[in-house]
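Residue strings, one per chain:
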Amino acid sequence: MIYMQEEMKSAVVEAIRALYEVEVHSDAIQLSATRKDFDGDQTILVFPLVRHVKMNPEALANQLGTYLKEHVKIIHDFNAVKGFLNVVFGEDYWTGLLQWVDERPDYGYKPKNGRRALIEYSSPNTNKPLHLGHIRNILLGAAMVRLFESQGYEVIPTQIINDRGIAICKSMLAWKKLGGGRLPKEEDPEMKGDHFVGKYYVLFDQAFKEEYMKWQTSDEALQIIRDRKVEDQADFFKKFKNEYFNRHSLLGREAIEMLQQWERGDLKVRALWQQMNSWVLDGIAHTYKRLGADFQKNYYESEVYSIGKALVVKGLESGVFYRQEDGSVWADLEDIGMDKKIVLRSDGTSVYITQDLGTASLRYDDFKAERFIYVVADEQEYHFKVLFELLKRLGEPYADGLHHLSYGMVELPDGKMKSREGTVVDADDLMDDVVSLARAESKDRGEVESLSSEEQKTLYEMIGMGALKYFILKVNAKKRMVFNPADSVDLQGQTGPYIQNAFVRIKSMLRKDTDAVTTGEWKRYSQLQQVEKDILVLLKEYPTVLSTATAEYNPSLLAGYLYQLAKAFHKFYHDVRILSAETPEAKAFRLKLAVNVASVLQSGMGILGIDMPDRM
RNA sequence: GGCUCCGUAGCUCAGCUGGAUAGAGCAACUGACUUCUAAUCAGUAGGUCGCAGGUUCGAAUCCUGCCGGAGUCACCA
């Protein structure tokens, strides 16, 4: 039976051999679903074959069609239009296809292949809560974890927690000065720990800005302006901000001092740091749960930020790196059109890329994974290009399995989100908004009044989060996406709830009648409608969709597919009667079909991290 | 300036390893719930696929140039 494209292709290859004694490779055979305006189920493109068999396309299509009709059991008819050979399958093909799908447990999944993939995503900072940008990162990362699992990989989801540096010191300092020793729940019982710490981060920045504004009219500032012959003052002060923080600011000095105390291991500073980090991580854990993020292993920047030095030594020995007179260590990548890159400062401390070199090596020691996938925004493309090149030159054994899943930043209608300027869409707020939207919509519809309030709450969460997750994941990751907070996330049309609704309709039917599903009666159905064939064609594609989405690191392919399937089902549901079908065979067949649609929808949405409700 | 990515309907996006008349959703307008859940279905309207060349039997898709937008080219992370 021909259910996979490869089998169809080899049938065509054989036909060419028999008819013309010509060998063509199966790659030369192009297949596609027949367009709606033409008769037929599958179309074979004859144009590419014309080169091998010197004939005009239409004549070739006709001879090929005649041969296939005679020799391939399931092909019952054909027609040829120009170079397009449309073949028509018999009824047995369709029932056979349904059986083929139905019989497979874990349909679409490949068996375990014994290979390991490590996926890093999320990577939060511990000085503020997550925002919409993190949501995209997390949803993509979590979906990739499940996609790789579907392909037989053992996956290790991991995150690196950016828990050190000047930013967290700012929050610490502000809390120390302004917090009055209050704990998160004391200040506001409703506020999560990450928001609490984030609040102090913002307070620091406000205080710093005030200080800076005041300083701008001081004698010291005026002196600098005179010395540097500044023309545009506003522009100068904008650019001077960093230098001011490092050299002139009182607050800046305090924060820097705190960072130095942290580096020295000052007990009091470390204790405060631990405290604030744990508040943030507690808060973020909540957000993770709702987003479906889960990590097998956390790496902390505070523990790994200097471990790359061993690789630097290795690179110096093998000549990948060189040392300058000032003591700094560099890699020269100009031979492949990239720049020189510093890997160790003149004072011997690490830079960002040194840490990444180190963690790569550490992770390999920890897990011996052969694939390393980094889910990181596209602004870091160059960084990863350099990183991967360096690891390759260092001869690391996993260097060929590295991949940067680069995704576009989420933008607001008026530009990029900037946390300092307060133009961020907070992750928790957004999730709450979408869930209450789902609640309001559901209340209007009144379908679930019989459920307990606890069940209803779970349901609203499923629908709201389903809408949000689908909204983000349906867009190709590599494209930057525009999110307008003023337009709420849709619940109708190409959305998560639309797909959930298809599932709910099926579950609702099955509550009324399951007997027909368990018998084999459906195999006798023979009056297939186009809407039923459309669904079967889609069901057949599911395994291919999973493997392509994985290979291309692109969950949006799966999201698009699931919409197609749900759409085909909604049309089917509308056009034909199922429980009250014309014949018992028809009823059994349609229910069997629906059950398989439900299971593929649930499986696919599950990979996207979206739960499916039984009613809505 | 170098490199990378993007430009498709009013908006948000599919389609891009070349194939038949470029597709969805939203928004607008029309119709379909006494019949399996209308978060649904059917329809109308909406397009110089950024522009100009080239390759090809055939280009939204591949190549070149240009225009517009974003990112990056830190002893920041």
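For clarity, every value in this text was computed on a predicted model and none was experimentally measured.

**Let's talk about the sheet that holds strand E4 (residues 84-89)**
Piece 1. With antiparallel pairing, 4 strands are arranged side by side in an open sheet as E1-E2-E4-E3. Two strands lie at the open edges of the sheet, namely strand E1 (30-33) and strand E3 (75-81), each paired on one side alone. Averaged over all neighbouring strand pairs, the angle between strand axes comes to 25 degrees, with direction disregarded.
Piece 2. Relative to strand E2 (residues 42-45), E1 is paired through 4 bridges, and the arrangement is antiparallel. The partner of Ala-33 across the bridge, within E2, is Gln-42.
Piece 3. Against the sheet, helix H3 (residues 57-71) makes contact with E2, E3 and E4, and its axis sits at roughly 175 degrees relative to E3, the strand it touches most.

**Observations concerning helix H19 (residues 496-512)**
Piece 1. Relative to the 24 Å expected for 17 residues at 1.5 Å per residue, H19 spans 25 Å between its end C-alpha atoms, a close match to the ideal helical length.
Piece 2. By the burial criterion, the buried members of H19 are Gly-496, Pro-497, Tyr-498, Ile-499, Gln-500, Ala-502, Phe-503, Val-504, Ile-506, Met-509 and Leu-510.
Piece 3. Looking at the buried residues of H19, the elements they touch are helix H18 (453-473), helix H20 (515-518), helix H22 (555-575) and helix H23 (584-608).

**Some details on the pattern of salt bridges**
Piece 1. Throughout the structure, instances matching the rule amount to 29 salt bridges.
Piece 2. Between Asp-77 and Lys-69 there is a salt bridge; the shortest N-O distance is 3.8 Å.
Piece 3. Accessibility expressed as a relative area gives 36% for Asp-77, which makes it partly exposed.
Piece 4. Judged by its relative accessible area of 40%, Lys-69 falls in the partly exposed class.
Piece 5. Between Asp-194 and Lys-192 there is a salt bridge, with the nearest N and O atoms lying 3.3 Å from each other. With respect to class, Asp-194 is no different from Lys-192; both count as buried.

**Description of the nonpolar core**
Piece 1. Ile-499 and Leu-558 are the most contacted members of the largest nonpolar core, which has 164 residues in total.
Piece 2. When residues in this core are grouped by element, the largest group, 13 residues, is from H23.
Piece 3. Residues in contact with Ile-499, not counting those within four places in the same chain, are Tyr-470, Leu-562, Tyr-563, Ala-566, Leu-601, Met-605 and Met-612.

**Re the sheet that holds strand E11 (residues 371-377)**
Piece 1. With parallel pairing, the 5 strands of this open sheet are ordered in space as E7-E6-E5-E11-E12. Pairing within the sheet leaves two strands with one partner each, and these edge strands are strand E7 (297-300) and strand E12 (402-407). For this sheet, the mean angle separating the axes of adjacent strands, direction not counted, is 25 degrees.
Piece 2. Sheet topology note: the E11/E12 ladder contains 6 bridges and is parallel. Across the sheet, residue Val-376 finds its bridge partner in E12, namely Ser-406.
Piece 3. Against the sheet, helix H5 (residues 132-150) contacts strand E5 (116-120), strand E6 (154-161), E11 and E12, and its axis sits at roughly 160 degrees relative to E11.
Piece 4. Along the sheet, helix H16 (residues 381-393) contacts E11 and E12; its crossing angle with E12, the most-contacted strand, is approximately 180 degrees.

**Description of helix H4 (residues 91-103)**
Piece 1. The terminal C-alpha atoms of H4 lie 19 Å apart, and with 13 residues this matches the ideal 18 Å at 1.5 Å per residue to within 8%.
Piece 2. If you check which residues of H4 are buried, you get Tyr-93, Trp-94, Thr-95, Gly-96, Leu-97, Leu-98, Trp-100 and Val-101.
Piece 3. As for H4, its buried residues are in contact with E4, helix H21 (530-551) and H23.

**Overview of the environment of Tyr-67**
Piece 1. On the secondary structure map, Tyr-67 appears in helix H3.
Piece 2. If we skip the residues at most four places from it in the chain, Tyr-67 touches Ala-15, Ala-18 and Leu-19.

**What about the confidence of the model for chain A?**
Piece 1. Taken as a whole, chain A shows an average pLDDT of 92; of its residues, 99% reach a score of 70 or greater.
Piece 2. What the predictor reports for the complex is a pTM of 0.95 with an ipTM of 0.96.

**Points about the packing of H21 against H22**
Piece 1. Interhelical geometry of H21 versus H22 gives an angle of 165 degrees and a closest axis separation of 10 Å. Between H21 and H22, the angle is such that the two are roughly antiparallel. Both H21 and H22 take part in a crossing whose hand is left-handed. In this structure, H21 contributes Val-531, Glu-532, Ile-535, Leu-538, Leu-539, Glu-541, Tyr-542, Val-545, Leu-546, Thr-548 and Ala-549 to the contact, and H22 contributes Leu-557, Leu-558, Tyr-561, Gln-564, Leu-565, Ala-568, Phe-569, Lys-571, Phe-572 and Asp-575.
Piece 2. Class assignment of the residues belonging to the contact of H21 with H22 gives a composition of 15 nonpolar, 2 polar and 4 charged.

**Section: the protein's contact with RNA strand B**
Piece 1. Asp-339, Arg-345, Arg-445, Tyr-498 and Ser-508 are the nearest of the 61 residues found near RNA strand B.
Piece 2. Per the 4 Å cut-off to the protein, sugar and phosphate atoms form 62% of the nearby atoms of RNA strand B.
Piece 3. The contact in question runs from a phosphate oxygen of RNA strand B to an N or O atom on the backbone of Val-482, over 3.1 Å.
Piece 4. When residues of the surface near RNA strand B are traced back to their parent elements, those giving at least two are E2, E4, H16, helix H17 (427-445), strand E15 (481-482), H19 and H22.
Piece 5. For the surface near RNA strand B, the element with the highest residue contribution is H19, accounting for 8 residues.
Piece 6. Classifying every residue of the surface near RNA strand B gives 25 nonpolar, 14 polar and 22 charged.

**Points about the pairing of E2**
Piece 1. Going residue by residue along E2, you find Gln-42 and Ile-44 tucked away on one face and Thr-43 and Leu-45 tucked away on the opposite face as well.
Piece 2. Of the strand pairs in this sheet, E2 and E4 are connected by 4 bridges, and their pairing is antiparallel. Across the sheet, the residue bridging to Thr-43 is Asn-86, located in E4.

**A short note on the packing of aromatic side chains**
Piece 1. Following the criterion strictly, the structure yields 37 aromatic pairs and no others.
Piece 2. Between Phe-89 and Trp-94 the ring centres are 6.1 Å apart and the planes differ by 65 degrees, which places this aromatic pair in the edge-to-face class.
Piece 3. The exposure class assigned to Phe-89 is buried, which follows from its relative accessible area of 7%.
Piece 4. When the ring of Tyr-364 is compared with that of Tyr-398, the centres are 5.0 Å apart and the planes differ by 35 degrees; the resulting orientation is tilted. One end of the pair, Tyr-364, is in helix H15 (residues 352-367); the other, Tyr-398, is in the loop between H16 and E12, with 34 residues separating them in the sequence.

Rules of the game
Residues numbered from 1 in each chain as written. Chains lettered and ligands numbered in written order. Predicted model: local features only at pLDDT ≥ 70, side-chain atom pairs only at ≥ 80, totals over all residues. Heavy atoms only, no water. Pairing = 2+ DSSP bridges. Helix = DSSP H or I, 4+ residues; strand = E, 2+ residues; numbered from the N terminus. Axes fitted to C-alpha atoms, helices over the stretch in contact; angles between N-to-C directions. Contact = heavy atoms within 4.5 Å. Expected span 1.5 Å × (residues − 1). Buried < 20%, exposed > 50% of the residue type's maximum accessible area, 1.4 Å probe, protein only. Salt bridge = Lys/Arg side-chain N within 4 Å of Asp/Glu carboxyl O. Core = buried A, V, L, I, M, F, W, Y, C linked by side-chain atoms within 4.5 Å. pLDDT = per-residue confidence, 0-100. Parallel < 35°, antiparallel > 145°, perpendicular 65-115°, else oblique. Left-handed = near helix turned anticlockwise from the far one by under 90°. Nonpolar A, V, L, I, M, F, W, Y, C, P; charged D, E, K, R; others polar. Near = heavy atom within 4 Å. Polar contact = N/O pair within 3.5 Å; in protein donor to acceptor, adjacent residues only side chain to side chain. Phe/Tyr/Trp six-rings, centres within 6.5 Å; stacked < 30°, edge-to-face > 60°.

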